[in-house]
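Next come the chains, spelled out residue by residue.
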Amino acid sequence: MHSSEIAKVSFSTTTLRDGYDMEDVDDMLDRARDALLAWEGGQAGAMASEDVAACTFAVTNSRTGYDQADVDNFLDTLSVALKLYETGGRPTT
């Protein structure tokens, strides 16, 4: 995963069932993009794989939210990409 891919990320939305707060998730996406940009530039990013594992979001069912499974799957992918950078590798996609 590269920083340019963050702008292309989209999640299904939920209404009247539990979903992650959209603003919380969007804020995390901004931090993820910044971290990946740093790693791509040869600097350690401010977000690490263990930070991704610790991510929590407010849950809403009274307004539109992001599908929890979609977000969780993205977090798994992001965590793997960050772990590669942390161990000296570089993601290929």
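We now turn to the structure provided with this report. (Residues numbered from 1 in each chain as written. Predicted model: local features only at pLDDT ≥ 70, side-chain atom pairs only at ≥ 80, totals over all residues. Heavy atoms only, no water.)

What follows is about the pattern of salt bridges. Under the criterion given, the structure shown has four salt bridges. Asp-21 is the partner of Arg-63 in a salt bridge, and the nearest nitrogen-oxygen pair spans 2.4 Å. Remark: Asp-21 occurs in the loop between β2 (19-20) and α2 (22-40) and Arg-63 occurs in the loop between β3 (59-60) and β4 (65-66); sequence separation between them is 42 residues. Relative accessible area serves as the criterion here: at 46%, Arg-63 is assigned to the partly exposed category. Under the relative-accessibility criterion, Asp-21 is labelled buried at 11%. The shortest N-O distance in the salt bridge between Arg-33 and Asp-34 comes to 3.2 Å. (Salt bridge = Lys/Arg side-chain N within 4 Å of Asp/Glu carboxyl O. Helix = DSSP H or I, 4+ residues; strand = E, 2+ residues; numbered from the N terminus. Buried < 20%, exposed > 50% of the residue type's maximum accessible area, 1.4 Å probe, protein only.)

Take the packing of aromatic side chains next. Counted by the stated rule, this structure contains four aromatic pairs. On the basis of an interplanar angle of 55° and a centroid distance of 5.1 Å, the ring pair of Tyr-20 and Phe-57 is categorised as tilted. Of this pair, Tyr-20 sits in strand β2 while Phe-57 sits in the loop between α3 (49-53) and β3, and the two are 37 residues apart along the sequence. Exposure remark for Tyr-20: the relative accessible area of 13% places this residue in the buried category. Aromatic ring contacts, followed pair by pair, group Phe-11, Tyr-66 and Phe-74 into a single cluster. (Phe/Tyr/Trp six-rings, centres within 6.5 Å; stacked < 30°, edge-to-face > 60°.)

Phi angles above zero are rare outside glycine, and Leu-16 is one such case at about 65°. With respect to the element layout, Leu-16 can be found in the loop between β1 (13-14) and β2. For Leu-16, a relative accessible area of 72% gives the class exposed.

What follows is about helix α4 (residues 68-86). Relative to the 27 Å expected for 19 residues at 1.5 Å per residue, α4 spans 26 Å between its end C-alpha atoms, a close match to the ideal helical length. All of the buried residues along α4 are Val-71, Phe-74, Leu-75, Leu-78, Ala-81, Leu-82 and Tyr-85. Each buried residue of α4 sits inside an arc of 130° when the element is viewed along its axis, so together they form one side. By the N-cap criterion, in which a side-chain oxygen at the helix start approaches the backbone nitrogen of a residue two or three places on, α4 is capped by Asp-67, the distance to Ala-69 being 3.2 Å. Directly after α4, the chain includes Gly-88, whose backbone phi takes a positive value near 90°. (Expected span 1.5 Å × (residues − 1). Arc of directions from axis to C-beta. Polar contact = N/O pair within 3.5 Å; in protein donor to acceptor, adjacent residues only side chain to side chain.)

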